[in-house]
Amino acid sequence: MTNYRRWAFTVGLSTLLLLASSPGFAQAPPVQKLSSEEDIRAALFGGVPGDRWKEGLLFEGIRPSPWMNSAANWFPGTEEVQPNEMRVTFMGTSPMIRPGQMNTSIYVELGNGDNFVFDLGEGAIANYIAARVALNELKRVFLTHLHVDHFGSLPYLWMFGTWNGGWHERLRIFGPSGRTPEYGTAKMVEGMKMMTGWHQDAFSVFPVGKGWDIEVNEFDFRDDGGVVYEENGVKVTHWRRSHAKDGASAYRLDWNGLCFVWTGDGRPSALDAKYAKGCDLYVTELQQELVEISSGVQGVPPFLARYTIDTHHTPAYAAGYVANQVQPRMFMTTHMSFDPYLAEETVAEVREFWKGPYHFGAPDGIVVNITKEQIWVREGILPDFPNARSPQFDFTNGQLIVPYPPTSRQEIQEQYVRDQEIDPDLYYPEGFKPDLLQDWPVDSDLVVPVEALPDNLKESMGAAWRHREANRKILEEQGDN
Ligand SMILES: [Zn+2]
Ligand SMILES: [Zn+2]
């Protein structure tokens, strides 16, 4: 982003216009004699001994990176993931859904262009859209367990992701087995297929391609430390969590010397300390020890909150305790209530054992940029009425391929209801009637050379692909060195 746009963001357009119209704005001050080098240094570097001093809670390597447009905020669509960077965004942060906090989901983007969704709770998909992620970019979903606050958005992603360009890659879902097959991830997906049967057939009047294909990767939940995914230099391992019922897992992703852990839900466990050891970003869930006060705010009776925490969850004290064993470069907690009355207490409880870098992975939109040198956490600015990103396509073959729809209205709808549709000539005013597209306009796959696409489509629909290719080239050159 140019300096001008960055400045406009900060100052705001209205201020800009105000300044531009005020007298004297355009006049540079007269040239004066330069101050002495000594004076300049004393003023510009005043208060900073040497290069930099240790600032309060800021730890070594915890600082913004130079390419960030703002050190405080992340504006979706204004920064690219750097070739050697891992970017983690909290797209849903609470088990209790409410407008400011959707159900849990964590989005991990890597410099090699790969992305990974860890859990996809109810409502979280809205934050992906607000963060300018095209739904057809999301093809790898890792579920920690099958509480609905961790996968509620999955049917929406599958249906609408297919509709809007998810034609060329199947959806891949990774998740644990249960103690018996009926409680495993594969069975849940089977149930989802049944639940979305009508929707799927209805949306089959649109291009589909591989959109309805799902690859389920159900792993044995008991296989602690097992590898569930290994491609393109990325490795994801898992281990068991104690979450009242068999079939809850934690994940660790390793790539390019960087590591991310999301434990999912569960009681603090020796397995977490073992498998997350030394990870760069360690994320666990957290429940504050304020069940009586919280019951007045959140409406959960204290005994119910107490019982739920003590059988299912990680108290804040325990979160800090485990973090101290893991010793990450950054410790974060999510799946937590984000309320002002809780904030200080949460920090105090975590700090009982963990003295290192710590941030809330809440509310929704918190973004973490991680490189080997630096980590920085910012508030993402997710608009209520965002400009959604165009579907993203891989144009390596120089073509946009739009698959022929599997069905048509004639095949799945009675003629009678279409006959009852009001004649468009009756409601379009004179001269305002578009060419209606009531039948799919071609009778086979539509194959368009990329050059024939209008510039705006070529630019917007190929943006992720171009960025991925550029980053991969840089990574390859690094590898050659
Ligand atoms: Zn949960
Ligand atoms: Zn749960």
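Residues numbered from 1 in each chain as written. Chains lettered and ligands numbered in written order. Predicted model: local features only at pLDDT ≥ 70, side-chain atom pairs only at ≥ 80, totals over all residues.

Before we go on, may I ask you to explain the overall build of the protein chain in this structure?
Looking only at helices and strands, the protein chain features 17 helices and 18 strands. Along the first, second and third principal axes, the C-alpha atoms of the protein chain reach 80 × 70 × 55 Å. Counting only residues that meet the buried cut, the protein chain has 36% of its 481 residues in that class. In the protein chain, the share of contacts with a sequence separation of at least 24, taken over all contacts with a separation of at least 6, comes to 72%. (Helix = DSSP H or I, 4+ residues; strand = E, 2+ residues; numbered from the N terminus. Buried ≥ 20, exposed ≤ 12 C-beta atoms within 10 Å, placed from the backbone. Contact = placed C-beta atoms within 7 Å.)

Hey, could you run me through the environment of Tyr341 in this one?
When you line up the elements, Tyr341 lands in helix α12 (residues 340-351). On the basis of neighbour counts, which here come to 12 C-beta atoms within 10 Å, the residue Tyr341 falls in the exposed class. In this structure the C-alpha to C-alpha distance between Tyr341 and Ile293, which are 48 residues apart in sequence, comes to 9.6 Å.

Can you help me understand unusual backbone geometry in this one?
When glycine is set aside, most residues are seen to have a negative phi, and most peptide bonds are trans. Note that the residue after Ala362, namely Pro363, is joined by a cis bond; omega there is 0 degrees. Among the secondary structure elements, Pro363 is positioned in the loop between β14 (358-360) and β15 (366-370). Positive phi is not limited to glycine here, since Asp119 has a value of about 65 degrees. By secondary structure assignment, the location of Asp119 is in the loop between β4 (115-118) and α4 (124-130).

Before we go on, may I ask you to explain the nonpolar core in this structure?
Soluble, globular proteins show a tendency: their nonpolar side chains are buried together. By size, the foremost hydrophobic cluster in this structure holds 77 residues, and its most contacted members are Ile106, Val108, Phe142, Phe260, Val261, Leu281 and Tyr282. Here this core gets six residues from one element, more than from any other, and that element is helix α11 (residues 316-326). (Core = buried A, V, L, I, M, F, W, Y, C linked by C-beta atoms within 7 Å.)

Hey, could you run me through the sheet that holds strand β5 (residues 140-142) in this one?
Remark on secondary structure: sheet strands pair via backbone hydrogen bonds, oriented parallel or antiparallel. Read from one edge to the other, the open sheet built from nine strands follows the order β1-β16-β15-β2-β3-β4-β5-β6-β7, with strand pairing classed as mixed. Whereas interior strands pair on both sides, the edge strands pair on one side only; in this sheet they are β1 (73-74) and β7 (214-219). Of the strand pairs in this sheet, β5 and strand β6 (residues 171-176) are connected by three bridges, and their pairing is parallel. Counterpart to Arg140 in the pairing with β6 is Arg172. Sheet strands touched by helix α6 (residues 185-195): β6 and β7. Its angle to β7, the strand with the most contacts, is close to 150 degrees. (Pairing = 2+ DSSP bridges. Axes fitted to C-alpha atoms, helices over the stretch in contact; angles between N-to-C directions.)

Please clarify how the domain arrangement of the protein chain should be interpreted in this entry.
Where interface size is quoted, it is often the accessible area lost as the parts come together. Looking at the protein chain, the domain boundaries give domain 1 (73-380) and domain 2 (399-480). Computed over C-alpha atoms, the centres of domain 1 and domain 2 are 32 Å apart. Facing 15 residues of domain 1, the contacting portion of domain 2 comprises 15 residues. In terms of residue class, the side of domain 1 that touches domain 2 is built from seven nonpolar, five polar and three charged. (Domains from an automatic or database assignment. Nonpolar A, V, L, I, M, F, W, Y, C, P; charged D, E, K, R; others polar.)

Whenever I open this one, the packing of α11 against α12 confuses me. Can you help?
If you want to describe how two helices pack, look at the angle between their axes and the distance between the axes. Remark: α11 packs on α12, axes separated minimally by 7 Å, with the N-to-C direction vectors making an angle of 40 degrees. Viewed along their axes, α11 and α12 adopt a mutual orientation that is oblique. Crossing geometry of α11 relative to α12 is assigned as right-handed. For the pair formed by α11 and α12, the contact residues are Ala316, Tyr317, Ala319 and Gly320 on the first element and Thr346, Glu349, Val350 and Arg351 on the second. (Parallel < 35°, antiparallel > 145°, perpendicular 65-115°, else oblique. Left-handed = near helix turned anticlockwise from the far one by under 90°.)

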